[in-house]
Amino acid sequence: MFFFFFITGLCVGSFLNVLIDRLPQEESPWGGRSHCDHCRKILTPLDLIPVVSYLWLGGKCRYCKKRLSWQYPLVELVTGMMFVGLYWYLYHNFQFSIFNFQFEFISLLILFSSFLVIFLADLKYQVIPDQMILVSMVASLIYLFFLRNPLIMHLLSGTVTFGFFLCLFLLTRGRG
């Protein structure tokens, strides 16, 4: 199971790289093929194998030979390890039905993946994509629904956090 979740995480990490680069640029992650950031040449399926292609090509574009960002294999590896780590953690700490386990696991995968996209898009472009905020909010609500802790504490902490960001937004007139 660990190998399966690691490989799945690598593939999801490859898609997260697409989200990191396209959402802040207001491009659709669903339209268009992947291309080199430098020469804009369309990449073949062999160029898109998570981590393996980066290593095989020596971290350079097959066509223009310019260096590719370390972001691509790093996001893929982090996502693969995150999938394995979350599975291991929940498997060893879960005490309810398999149905609840699946929903909690999937919602946490989506939540942590969206946080990774938010973090790197903000780091790279100084933009937090609204789509990822909505995805993380829905994943959080699903997770809270299946969590065993009192819901009132989560609502209180969410309200305080929301209040902080609302104040930041109002004080900076939408620029913060």
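Since the structure is predicted, the reported quantities are computational estimates derived from the model, not experimental observations. (Residues numbered from 1 in each chain as written. Predicted model: local features only at pLDDT ≥ 70, side-chain atom pairs only at ≥ 80, totals over all residues. Heavy atoms only, no water.)

### Re the overall build of the protein
Secondary structure summary: the protein contains 6 helices and 0 strands in total. Ordered by position from N to C terminus, the α and β elements of the protein give α-α-α-α-α-α. Expressed along its principal axes, the backbone C-alpha trace of the protein runs to roughly 55 × 50 × 25 Å. Every one of the 176 residues in the protein was classed for burial, and the buried ones make up 34%. Within the protein, contacts between residues at least 6 apart in sequence are counted, and of these 57% link residues at least 24 apart. Counting only carbon and sulfur atoms, one obtains 71% of the accessible surface of the protein, whose full area is about 11700 Å². In the protein, 13 positive and 9 negative side-chain charges are present, and the distance between their average locations comes to 8 Å. (Helix = DSSP H or I, 4+ residues; strand = E, 2+ residues; numbered from the N terminus. Buried < 20%, exposed > 50% of the residue type's maximum accessible area, 1.4 Å probe, protein only. Contact = heavy atoms within 4.5 Å. Areas by Shrake-Rupley, 256 points an atom, 1.4 Å probe, with all protein chains shown as cover. Lys, Arg positive; Asp, Glu negative; His and termini not counted. Charge placed at Lys NZ, Arg CZ, Asp CG, Glu CD.)

### A look at the packing of aromatic side chains
Given two aromatic rings, one states the distance between the centres and the angle between the planes to describe the pair. Counted under the stated rule, the structure contains 8 aromatic pairs. Between Phe-2 and Tyr-87 the ring centres are 5.8 Å apart and the planes differ by 80 degrees, which places this aromatic pair in the edge-to-face class. In this pair, Phe-2 is assigned in helix 1 (residues 2–22) and Tyr-87 in helix 3 (residues 71–93), connecting sequence segments 85 residues apart. When the ring of Tyr-87 is compared with that of Phe-105, the centres are 5.9 Å apart and the planes differ by 70 degrees; the resulting orientation is edge-to-face. Highlighted residues: Tyr-87 in helix 3 and Phe-105 in helix 4 (residues 98–125), separated in sequence by 18 residues. Overall, Tyr-87 belongs to the buried group, its relative accessible area being 11%. According to the relative accessible area criterion, Phe-105 is buried, its value standing at 6%. Within the aromatic cluster, the residues linked to one another by ring pairs are Phe-2, Phe-4, Phe-5, Tyr-87, Tyr-91 and Phe-105. (Phe/Tyr/Trp six-rings, centres within 6.5 Å; stacked < 30°, edge-to-face > 60°.)

### Quick look at unusual backbone geometry
In this model, Arg-40 sits at a positive phi of 65 degrees, which is unusual for a non-glycine residue. Mapped onto the elements of the fold, Arg-40 is located in the loop between helix 1 and helix 2 (52–56).

### Focus: helix 1
Here helix 1 is 21 residues long and its end C-alpha atoms lie 30 Å apart, about the 30 Å a rise of 1.5 Å per residue gives. By the burial criterion, the buried members of helix 1 are Phe-5, Gly-9, Leu-10, Gly-13, Leu-16, Asn-17, Val-18, Leu-19, Ile-20, Asp-21 and Arg-22. (Expected span 1.5 Å × (residues − 1).)

### Considering the confidence of the model for the protein
With 94% of its residues at a pLDDT of 70 or more, the protein shows a mean pLDDT of 89. The secondary-structure element of the protein with the lowest mean pLDDT is helix 6 (residues 151–171), recorded at 82, while helix 1 shows the highest, at 96. (pLDDT = per-residue confidence, 0-100.)

### With respect to a nonpolar patch on the surface
Taken together, the side chains of Trp-70, Leu-74, Leu-77, Val-78 and Met-81 present a nonpolar region at the surface, about 470 Å² in accessible area. Looking at the element boundaries, Met-81 is found in helix 3. A residue is classified by how much of its surface remains accessible, and Met-81, at 52% relative accessible area, is exposed. (Patch = residues over 30% accessible without salt bridge, like charges linked within 9 Å, V, L, I, M, F, W, Y side chains within 5 Å. Salt bridge = Lys/Arg side-chain N within 4 Å of Asp/Glu carboxyl O.)

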